[in-house]
Amino acid sequence: MNDVVVRALRDDEFRAAHALFRGALHHVPPTDEQWERLRPVYQPGRVFGAFDEQLIGTARSTDAELVVPGGARIPLAAVTGVGVRVDRTRRGVLTALMRRQLTDLVERGVPAAMLYATEGEIYGRFGYGIATRARSCTVHRRQARLRPEAPTGGPVELLDLDEAERRLPDVYARIPLRPGMMTRSERWWAGLFARLRQSDEPVTTLVHHGADGPDGFAIYQVSRQSGQLGTLRVVDLHTADATAFAGLWRFLLGVDLVETIVAYQRSLEEPLELLFTDPRACETTEVGDEAWLRLVDVEAALRSRTWHGEPLVLEVVDPVLEHNADRYQVGPAGVTRTDQPADARLAVDTLAMMFTGGWRPSTLVDAGRITVRDFEVTPRLDELARTRSTPWCGTFF
Ligand SMILES: CC(C)(COP(=O)(O)OP(=O)(O)OC[C@H]1O[C@@H](n2cnc3c(N)ncnc32)[C@H](O)[C@@H]1OP(=O)(O)O)[C@@H](O)C(=O)NCCC(=O)NCCS
């Protein structure tokens, strides 16, 4: 690679970085009006640019918190806006950006980073592992009749976009966050509403009201050609409980001139088909990776979650952030670095997969991604990392 310099960008360089990122995704640059709305999503100090003579690559992150098994929240860098100019790919520009960004997060004391990957081969080499998986589904509206015992739900209120932008952050803040989920910053909300306002299709926002006030919301868009039935796309839907979930779906199923409802990257545990007399009215179209997690500070991350059963010694391999490469005794009583022989050896991306509860360690052993001292270790690893729920992020960034 010719000399590539990576540095934090100044505020007046953010728009060029955004245009470069959009170009890498084959999108047009933002108009002045769109950029005015997007400017706040760029967090000063956290936007990196790679240069030779010009800006040729970029990556950025914003602050959030991640919920880990056991319920604790840890600081999280939500990594996004990653792109390299098309005439400079495959010569190490992303590698330089990723290393600089991770080093910066170490200096800031941020223990974890997460991202959504456009392609599955890109980020494992930098220590990111698939932390959550999600499913996409299509609901065939005419076939989807609710079972009599499905919760009725409460009143559903329609908001215009300005009201939604003001009120949805508070509704989300009332939703109990489960492992894998993250807090949503003002920057995140600004990004969502900038995208929604940029869309050619109308946006509808719903808030569900339970006994104690707002306890769920949905955002949807319908694409429909004149004379035909359309497709309703669920952009976002979060609820505090099963009643609000059924209540919002009951509303969505009642929207006229719609043939199918599509929902992308939903929780694997959501009981949608179980609400219908014919469970096949909800067709799973895809199950795949959702959020990818990088443990930037392995020791701090391991300490933040709950563990079960007997302690085990994990040897973590991390060629990118070498301070993480060590043996850790991990158990319900705590986590310490140790000189004891390892029970299991794994790379840091695999550790992230096990950390959230997204994959059972025995599956990772079967795949050859965890090496165990002997086969008695495998069930103990499963017990150690046991979680109560399947993680889901549910916040695209
Ligand atoms: C993905 C992207 C950022 C990679 O940038 P890059 O500068 O080409 O990456 P690097 O040269 O640093 O690649 C490092 C390694 O990853 C591999 N790699 C990078 N992108 C890859 C991809 N899309 N598929 C498979 N392998 C990839 C490279 O081959 C290289 O492997 P090597 O070390 O064995 O030689 C760039 O291709 C891009 O901007 N793509 C379009 C936008 C996009 O998808 N952004 C990601 C958003 S999440």
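Conventions adopted
- What you see as residue numbers is a count from 1 along each chain, following the sequence as written.
- pLDDT decides what is reported in this predicted model: residues at 70 or higher carry local features, side-chain atom pairs at 80 or more are listed and counted, and totals for whole chains, interfaces and linings draw on all residues regardless.
- Working from all heavy atoms in the structure, the side-chain values ignore hydrogens and water.
- UniProt positions are given in the numbering used here, feature names are shortened, and annotations may be inferred rather than shown by experiment.
- Relative accessibility decides the category of a residue: with a 1.4 Å probe and only protein chains considered, values under 20% of the type maximum give buried, values over 50% give exposed, and everything between is partly exposed.
- Helix and strand labels come from DSSP, where a helix needs a run of H or I of at least four residues and a strand needs a run of E of at least two; each type is numbered from the N terminus.
- A contact between two residues is defined here by any heavy atoms of the two lying within 4.5 Å.
- For every domain, the bounds stem from an assignment made automatically or drawn from a database.
- Buried area counts how much accessible surface, traced with a 1.4 Å probe, disappears from two parts once they are put together, with both parts' losses summed.
- The rule for a salt bridge is simple: a side-chain nitrogen of Lys or Arg has to be within 4 Å of a carboxyl oxygen of Asp or Glu.
- Think of a polar contact as two N or O atoms within 3.5 Å of one another; within protein, one of them needs to be a possible hydrogen donor and the other a possible acceptor, and neighboring residues in sequence only count if both atoms come from side chains.
- For two strands to be treated as a pair, DSSP must find no fewer than two bridges joining them.
- Helix axes are fitted only over the stretch in contact, all axes being lines through C-alpha atoms; the angle between N-to-C directions runs from 0 to 180 degrees.
- Any residue with an atom within 4 Å of a point lines the site, the site being either a cavity, points on a 1 Å grid over the protein atoms alone where a 1.4 Å probe fits but cannot get out, or a pocket, an open set with protein on both sides within 12 Å along at least 5 of 7 lines.
- Grid points are joined across faces, edges and corners, and a volume is the space filled by probe spheres set on the points.
- Residues are sorted three ways: Asp, Glu, Lys and Arg are charged, Ala, Val, Leu, Ile, Met, Phe, Trp, Tyr, Cys and Pro are nonpolar, and all the rest, Gly among them, are polar.
- Nearness is judged by heavy atoms alone; a residue qualifies as near a molecule or strand once a single heavy atom is within 4 Å of it.
- Here the Shrake-Rupley method, with its probe set to 1.4 Å, supplies the accessible areas, and only the displayed protein chains count as covering residues.
- The disulfide criterion used throughout: a pair of cysteine sulfur atoms within 2.5 Å.

An unreviewed UniProt entry annotates the protein chain as Acetyltransferase of Saccharomonospora viridis. Per UniProt, the comment on the protein chain under Subunit (unreviewed entry) is "Homohexamer; trimer of dimers." Among the UniProt annotations of the protein chain, the heading Sequence similarities (unreviewed entry) holds the following wording: "Belongs to the acetyltransferase Eis family."

> Looking at this structure, I do not really get helix α1 (residues 14-24). What am I missing?
An α-helix turns once every 3.6 residues. As a result, residues three or four positions apart point the same way. Of the positions making up α1, those classed as buried are Phe14, Ala17, His18, Leu20, Phe21 and Arg22. Buried residues along α1 sit in contact with α2 (32-38), β2 (47-51), β3 (55-67), β4 (73-84) and α5 (186-198). Just beyond α1, the residue with positive phi is His26, at close to 65°.

> Can you help me understand the domain arrangement of the protein chain in this one?
In many analyses, interface size is given as the accessible surface area lost on bringing the parts together. For the protein chain, the domain assignment lists domain 1 (5-110), domain 2 (134-289) and domain 3 (293-384). The centre of domain 1, based on its C-alpha atoms, is set 29 Å off from the matching centre of domain 3. Taken together, the contacts link twelve residues of domain 1 with eleven residues of domain 3. Carbon and sulfur atoms supply 78% of the area buried between domain 1 and domain 3, which totals about 950 Å² over both sides. Contact with domain 3 buries area across many residues of domain 1, yet Pro69, Leu102 and Val106 alone supply 48% of it, more than any other trio. At the boundary of domain 1 with domain 3, the tally comes to zero salt bridges. Counting the contacts that link domain 1 with domain 3 gives one residue pair in polar contact (both at pLDDT 80 or more). At the level of secondary structure, the elements contributing two or more residues to the side of domain 1 that touches domain 3 comprise β4 and α3 (93-108).

> Explain the sheet that holds strand β7 (residues 133-140) here, please?
Paired through backbone hydrogen bonds, the strands of a sheet run either parallel or antiparallel to each other. A sheet is described by the order of its strands in space; here seven strands give the open sequence β8-β9-β10-β11-β12-β7-β13, paired in mixed fashion. Of all strands in the sheet, those with a lone pairing partner are β8 (156-159) and β13 (282-289), marking the two edges. Shown here is a sheet whose adjacent strand axes are inclined to one another by a mean of 25°, direction ignored. Where strand β11 (residues 230-239) lies against strand β12 (residues 258-266), five bridges are found, and the strand directions are parallel. Bridge pairing links Val234 to Ala263 in β12. Sitting on the sheet, helix α6 (residues 242-253) touches β7, β8, β9 (203-210), β10 (213-223), β11 and β12, and the angle it makes with β11 is about 165°.

> I would appreciate a short explanation of the layout of surface pockets in the present structure.
In this approach a probe as big as a water molecule rolls over the atoms, and the regions it shows empty are the leftover space. For the second largest pocket, the calculated volume is near 340 Å³. Forming the boundary of the second largest pocket are 17 residues, of which Arg178, Thr239, Phe245, Glu270 and Trp392 lie nearest the centre. The biggest single contributor to the lining of the second largest pocket is β11, with three residues. Tallied by class, the residues present in the lining of the second largest pocket amount to nine nonpolar, three polar and five charged.

> What's the story with the site of the ligand in this structure? I'm lost.
By nearness alone, 19 residues border the ligand, and Val84, Arg90, Gly92, Thr95 and Thr118 come closest of all. Note that an oxygen atom of the ligand is positioned 2.6 Å from one of the backbone N or O atoms of Arg90. Leu94 is positioned such that a nitrogen or oxygen atom in its backbone is 3.0 Å from an oxygen atom of the ligand. Starting from 890 Å² of accessible surface for the ligand in isolation, the protein chains cover 74%.

> Is there a simple way to explain helix α8 (residues 348-355) in this structure?
The buried fraction of α8 is high, at eight of eight residues. Buried within α8 are the following residues: Val348, Asp349, Thr350, Leu351, Ala352, Met353, Met354 and Phe355. Gly357 sits one or two positions beyond α8 and adopts a positive phi of about 90°.

> Explanation requested: the side chain of Ser136 in the structure shown.
Along the polypeptide, Ser136 turns up in strand β7. Within the structure, Ser136 has its side chain in polar contact with the backbone nitrogen of Gln265 (distance 3.3 Å). If we skip the residues at most four places from it in the chain, Ser136 touches Ala263, Tyr264, Gln265, Glu283, Thr284, Thr285 and Glu286.

> So what exactly am I meant to see when it comes to the state of the cysteines here?
Here a disulfide denotes one covalent bond, and it connects the sulfur atoms of two cysteines. A full pass over the atoms with the stated rule returns zero disulfides. Unpaired in this structure, Cys393 has its nearest cysteine sulfur neighbour in Cys137, at a distance of 17 Å.

> It is not clear to me how the UniProt feature "active site" (unreviewed entry) in the protein chain should be interpreted in this structure. Could you clarify?
The UniProt entry lists Tyr123 and Phe397 under the feature "active site" (unreviewed entry), expressed in the numbering used here. Assignment of secondary structure puts Tyr123 in the loop between β5 (112-116) and β6 (129-130). Setting aside anything within four residues of it in sequence, one finds Tyr123 in contact with Val82, Met98, Leu115, Ala117, Tyr128 and Trp292. Looking at the element boundaries, Phe397 is found in the segment after α10 (377-384). Residue contacts for Phe397: discarding those within four places in its chain leaves Ala78, Val79, Thr80, Met114, Leu115, Tyr116, Met182 and Trp188.

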